[in-house]
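# Overview (structure and organization)
Residue strings, one per chain:
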Amino acid sequence: MELNASYTSLVAVGDSFTEGMSDLLPNGSYRGWADVLAARLAVRTPGFRYANLAVRGKLISQIVDEQVAVAAALQPDVITLVGGLNDTLRPKCDMGMVRGRLEEAVERLAPSCKRLVLMRSPGRNGPVMERFRPRMEELFSLVDDLAERHGAVVADLYGAPSLGDPRMWDVDRLHLTPEGHRRVAEAVWQTLGLPAESDWQTPEPASQPARWAKRRVDDVRFARQHLMPWIGRRLTGRSSGDGRAGAQFDAGIGRAFWITPADAARPGPVTEWRRLDG
């Protein structure tokens with residue numbers, strides 16, 4: 001791994017975790033760790049380009065069929081690929097299929113970029129995590145194997161106490177808070193060989209546990225607002241990503257586009273992006 005490397009372009013591939021839910025901006029869009037990472041990389045490299053193709057709710061086969069070829073065609077310096085966890089959360093999950101499709105994705109993406117980043121994703125501590133842990137660990141074992149075989153790097157977030165803390169997770173218990181996304185961005189930043197700017201593994205300060213009554217109220221709210229709609233989509237074969245495209249994918253013309261900092265002369269943090277066509 002080249003230390004303090006320079007990267008001119010980034011493409012993010014995946015599902016809601018990479019799309020940025022639940023890091024909600026005032027305009028109703030999502031930011032997330034990939035956008036935070038891109039903004040930080042752009043400060044280092046004039047003319048930096050970025051495309052986030054991730055879409056919420058996508059299973060690994062959908063990621064491979066809809067995003068992988070598009071990402072490979074862009075030929076970026078860096079591609080991040082995170083997928084398969086949505087599959088592992090399904091009651092009926094064909095892990096053989098998941099392994100095969102993830103391997104297909106890595107085989108297609110690794111030769112098309114200078115650095116492919118895979119991930120051992122974080123999970124919120126709790127009963128859901130414990131129920132699906134064997135499948136997750138099977139998936140992450142494959143991630144490690146594919147990285148070794150194809151020269152990719154792995155951002156290892158799984159099991160980090162800082163990201164297992166329920167306070168790092170939104171009320172839907174599936175997506176990270178803005179602080180959680182910031183920590184993931186720092187972890188990937190360091191995985192790319194860039195100098196640490198913070199310790200993403202530092203645990204949050206200890207706090208008093210919520211009272212029993214508040215926990216029950218939170219459980220009821222979670223079930224009504226998030227769990228039941230999720231179950232409903234599973235029963236009807238729908239997905240939260242139906243009809244959606246990645247933030248930098250133009251469905252009208254059927255291809256992705258780059259964005260770049262709107263103010264190329266500004267050396268500080270990137271706050272606005274503009275589309276590059278052609």
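Provided above is the structure to which this section pertains.
Presented here is a report on the structure given in the accompanying data block.

What counts and how
Residues numbered from 1 in each chain as written. Predicted model: local features only at pLDDT ≥ 70, side-chain atom pairs only at ≥ 80, totals over all residues. Heavy atoms only, no water. Helix = DSSP H or I, 4+ residues; strand = E, 2+ residues; numbered from the N terminus. Buried < 20%, exposed > 50% of the residue type's maximum accessible area, 1.4 Å probe, protein only. Contact = heavy atoms within 4.5 Å. Areas by Shrake-Rupley, 256 points an atom, 1.4 Å probe, with all protein chains shown as cover. 1 Å grid on protein atoms, 1.4 Å probe; cavity = no way out; pocket = protein on both sides within 12 Å on 5 of 7 lines; lining within 4 Å. Points joined across faces, edges and corners; volume = space filled by probe spheres on them. Nonpolar A, V, L, I, M, F, W, Y, C, P; charged D, E, K, R; others polar. Expected span 1.5 Å × (residues − 1). Core = buried A, V, L, I, M, F, W, Y, C linked by side-chain atoms within 4.5 Å. Salt bridge = Lys/Arg side-chain N within 4 Å of Asp/Glu carboxyl O. Pairing = 2+ DSSP bridges.

### A few points about the overall build of the protein
- Tallying secondary structure elements over the protein gives nine helices and nine strands in all.
- In the protein, buried positions account for 47% of the 278 residues.
- Considering only contacts in the protein between residues 6 or more positions apart, those separated by 24 or more positions represent 72%.
- Summed over all atoms, the accessible surface of the protein reaches about 13700 Å², with 53% contributed by carbon and sulfur.

### Details of empty space enclosed by the protein
- Per the stated rule, a full pass over the model turns up one cavity of 30 Å³ or more.
- For the largest cavity, the calculated volume is near 60 Å³.
- Leu81, Val82, Gly83, Leu85, Leu102, Leu118, Met119, Ser121, Leu139, Phe140 and Val143 together form the lining of the largest cavity.
- Elements that contribute at least two residues to the lining of the largest cavity include exactly strand E3 (78-82), strand E4 (115-120) and helix H6 (127-150).
- A per-class count over the lining of the largest cavity returns nine nonpolar, two polar and no charged.

### Side note on helix H8 (residues 178-191)
- Helix length check: H8, at 14 residues, gives a terminal C-alpha distance of 20 Å against a target of 20 Å (1.5 Å per residue), a fit within 8%.
- Burial runs high along H8: 10 of the 14 residues are buried.
- Among the residues of H8, Gly180, His181, Arg183, Val184, Ala185, Glu186, Ala187, Val188, Trp189 and Thr191 are the ones counted as buried.
- The secondary structure elements touched by the buried residues of H8 are helix H1 (16-19), helix H2 (32-44), E4, strand E5 (153-156) and helix H7 (161-164).
- Glycine 193, located one to two residues past H8, shows a positive phi value of around 90°.

### Overview of the layout of surface pockets
- Roughly 740 Å³ of internal volume is contained in the second largest pocket.
- Taken together, 28 residues line the second largest pocket, and the ones lying closest to its centre are Leu25, Ser29, Tyr30, Arg31 and Asp35.
- Of all the secondary structure elements, the ones that give two or more residues to the lining of the second largest pocket are H2 and strand E2 (49-52).
- At five residues, the largest contribution of residues to the lining of the second largest pocket is made by H2.
- Here the lining of the second largest pocket is built from residues that sort into 15 nonpolar, six polar and seven charged.

### Looking at the nonpolar core
- Trp33, Leu37, Met119, Val184 and Val188 are the most contacted members of the largest nonpolar core, which has 38 residues in total.
- At eight residues, the largest contribution of residues to this core is made by H2.
- In this structure valine 188 touches Trp33, Leu37, Val117, Met119 and Ala155, once residues within four positions along its chain are discounted.

### Points about unusual backbone geometry
- A positive phi angle, close to 50°, is found at glutamine 75, a residue other than glycine.
- Position of glutamine 75 relative to the elements: it lies in the loop between helix H3 (60-74) and E3.

### Some details on the side chain of arginine 101
- Secondary-structure assignment places arginine 101 in helix H5 (residues 95-109).
- Accessibility expressed as a relative area gives 16% for arginine 101, which makes it buried.
- Ignoring anything within four residues of it in the chain, the contact list for arginine 101 reads Ile60, Ser61, Val64 and Asp65.

### Quick notes on the pattern of salt bridges
- Using the criterion set out here, one finds 20 salt bridges in the structure.
- Across the salt bridge formed by arginine 101 and aspartate 65, the nearest N and O atoms sit 2.7 Å from each other. Taken together, the residues arginine 101 in helix H5 and aspartate 65 in helix H3 connect sequence positions 36 residues apart.

### Quick look at the pairing of E3
- Within E3, five of the five residues are buried, which leaves the element mostly enclosed by the surrounding structure.
- Burial along E3 is two-sided: Val78, Thr80 and Val82 and Ile79 and Leu81, pointing in opposite directions, are all buried.
- In terms of strand pairing, strand E1 (residues 9-14) meets E3 through five bridges, oriented parallel. The residue of E3 that forms the bridge with glycine 14 is valine 82.
- Taken together, the three bridges between E3 and E4 define a ladder with parallel strand orientation. From the neighbouring strand, valine 78 faces E4, where its bridge partner is arginine 115.

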